[in-house]
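# Structural description and commentary
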Amino acid sequence: MLSKSQARWFFIGGTVFFSAIFIFLTIDTLREIPARQNSDQMTASVVRGKMIWDESNCMGCHTILGEGAYYAPELTKVVDRRGAAWIAIFLKDPQAMFPGKRRMVQYDFDEGQIQDVIAFLDWIGKIDTNGFPPEPDLAPATLVSLRAEQAAVAPPQYFSTVCIACHSVADNGGTVGPALDGVGNRMTSAELDRWLSDPQAVKPGTAMPNLGLAEPTRAELVAWLAGLK
Ligand code: HEC
Ligand code: HEC
């Protein structure tokens, strides 16, 4: 049993001790914040992207940093997950990537607005969130891992991030366009190159989009596709 004065000192001592811990943690948090956020990289484009994000009510369906609505995918790390090229095509026309299947709104963004939104999402993705969001238990079906046993040459990154939305190889990928297994037997390098440069010119009305590929990206894709035998 504590005496009255012992109880008083127990109370005062406990209060001081835990207040000290509380103050230390508060100071530590304030000290950590500048290192974890990347506010020095907040360009004008990032700020414009944030305005578009707010005005378009993206958070009515999506979350970033866990905030928002749980209808559509969490977007904190979407630029890492999908790549800027994929997102640019998707934002221009979500249906182009997944005809008839998708519920994402088609906004009429121009090229500059799309780049601003991506800059914003990229900036968000670079905040040190201590590992949030956790990796999903199911690894996304990336072609990269599959090809490791299937082919000596791993697919170009552009293929694993953009083309894969519509095409499969070894049963891995989208079904909008034909599976590309053995495409090297069906098409020569020259035909592949002409097709990727401008599908509409080869086959008017085709659903394959002209992705405006830069020359090195196209050459890399052609070399890889020609090897799929
Ligand atoms: C009405 C709900 C809704 C709104 C509003 C919305 N989205 Fe989406 N979004 C979706 C859905 C649903 C998906 C999942 C793919 C699909 O079904 O189209 C998606 C997918 C995405 C993806 C691809 C995510 C992935 O991992 O594949 C991005 C990027 C994206 N949205 C960005 C945005 C941005 C930026 C805005 C605001 C300008 C926005 N969305 C507004 C519903 C919405
Ligand atoms: C939005 C969906 C979509 C995307 C993205 C897409 N394609 Fe296609 N692709 C198609 C469709 C649909 C066809 C079939 C076109 C037709 O026959 O009219 C096609 C056809 C092809 C063919 C001809 C295949 C054959 O067997 O005839 C090749 C090669 C090809 N795509 C490569 C690519 C590459 C490489 C990429 C990425 C740079 C890509 N595609 C991105 C939809 C897409």
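Residues numbered from 1 in each chain as written. Chains lettered and ligands numbered in written order. Predicted model: local features only at pLDDT ≥ 70, side-chain atom pairs only at ≥ 80, totals over all residues. Heavy atoms only, no water.

### A few points about the nonpolar core
Counting residues in hydrophobic clusters, the biggest one holds 46 residues, and the most contacted among them are Met 97, Leu 121, Phe 159, Leu 196 and Leu 225. For this core, the secondary-structure elements that each account for two or more residues are α2 (44–55), α3 (78–82), α4 (84–92), α6 (111–125), α8 (157–161), α10 (189–197) and α12 (215–226). For this core, the element with the most residues is α6, which contributes 7 residues. For this core, the domains that each give at least three residues are domain 2 (42–125) and domain 3 (143–226). (Core = buried A, V, L, I, M, F, W, Y, C linked by side-chain atoms within 4.5 Å. Buried < 20%, exposed > 50% of the residue type's maximum accessible area, 1.4 Å probe, protein only. Helix = DSSP H or I, 4+ residues; strand = E, 2+ residues; numbered from the N terminus. Domains from an automatic or database assignment.)

### Points about the coordination of the iron atom of ligand 2
Around a metal, the ideal angle is 109.5 degrees if four donors adopt a tetrahedral arrangement and 90 or 180 degrees if six donors adopt an octahedral arrangement. Surrounding the iron atom of ligand 2 are the protein donor atoms His 167 (NE2) and Met 208 (SD), which sit 1.9 to 2.0 Å from the metal. Every donor counted, the 6 donor atoms about the iron atom of ligand 2 form angles of 86 to 177° at the centre, which fits octahedral coordination. Linking His 167 in the loop between α8 and β3 (168–169) with Met 208 in the loop between α11 (199–202) and α12, this pair joins segments that are 41 residues apart in sequence. (Donors = N, O, S within 2.8 Å, 3.2 Å for Na, K, Ca; no water. Tetrahedral: all angles 85-135°; square planar, octahedral: opposite > 155°, others 65-115°.)

### Re the domain arrangement of the protein chain
When its domains are assigned, the protein chain resolves into domain 1 (10–38), domain 2 (42–125) and domain 3 (143–226). Taking only C-alpha atoms, the centre of domain 2 and the centre of domain 3 are 25 Å apart. Taken together, the 8 residues of domain 2 in the interface contact 8 residues of domain 3. For the pair domain 2 and domain 3, the summed buried area comes to about 620 Å², and 72% of that belongs to carbon and sulfur atoms. On the domain 2 side of the interface with domain 3, the three residues burying the most area are Trp 86, Ile 89 and Met 97, jointly 49% of the side's total. (Contact = heavy atoms within 4.5 Å. Buried area = accessible area lost by both parts, 1.4 Å probe.)

### Points about the site of ligand 2
Inspection of the region around ligand 2 gives 23 residues, with Cys 163, Cys 166, His 167, Thr 206 and Met 208 positioned closest. At 3.2 Å from a nitrogen atom of ligand 2 is found a side-chain nitrogen or oxygen belonging to Trp 195. Secondary-structure elements contributing two or more residues to the shell around ligand 2 are α9 (183–186), α10 and α12. (Near = heavy atom within 4 Å. Polar contact = N/O pair within 3.5 Å; in protein donor to acceptor, adjacent residues only side chain to side chain.)

### Remarks on the coordination of the iron atom of ligand 1
Those protein atoms acting as donors to the iron atom of ligand 1 are His 62 (NE2) and Met 104 (SD), and they sit at 1.9 to 2.1 Å. Every donor counted, the 6 donor atoms about the iron atom of ligand 1 form angles of 84 to 179° at the centre, which fits octahedral coordination. Residue His 62 is located in the loop between α2 and β1 (63–64), and its partner Met 104 is located in the loop between α5 (94–97) and α6; the two are separated by 42 residues in the primary sequence. Looking at His 62, the relative accessible area reads 11%, which means it is buried.

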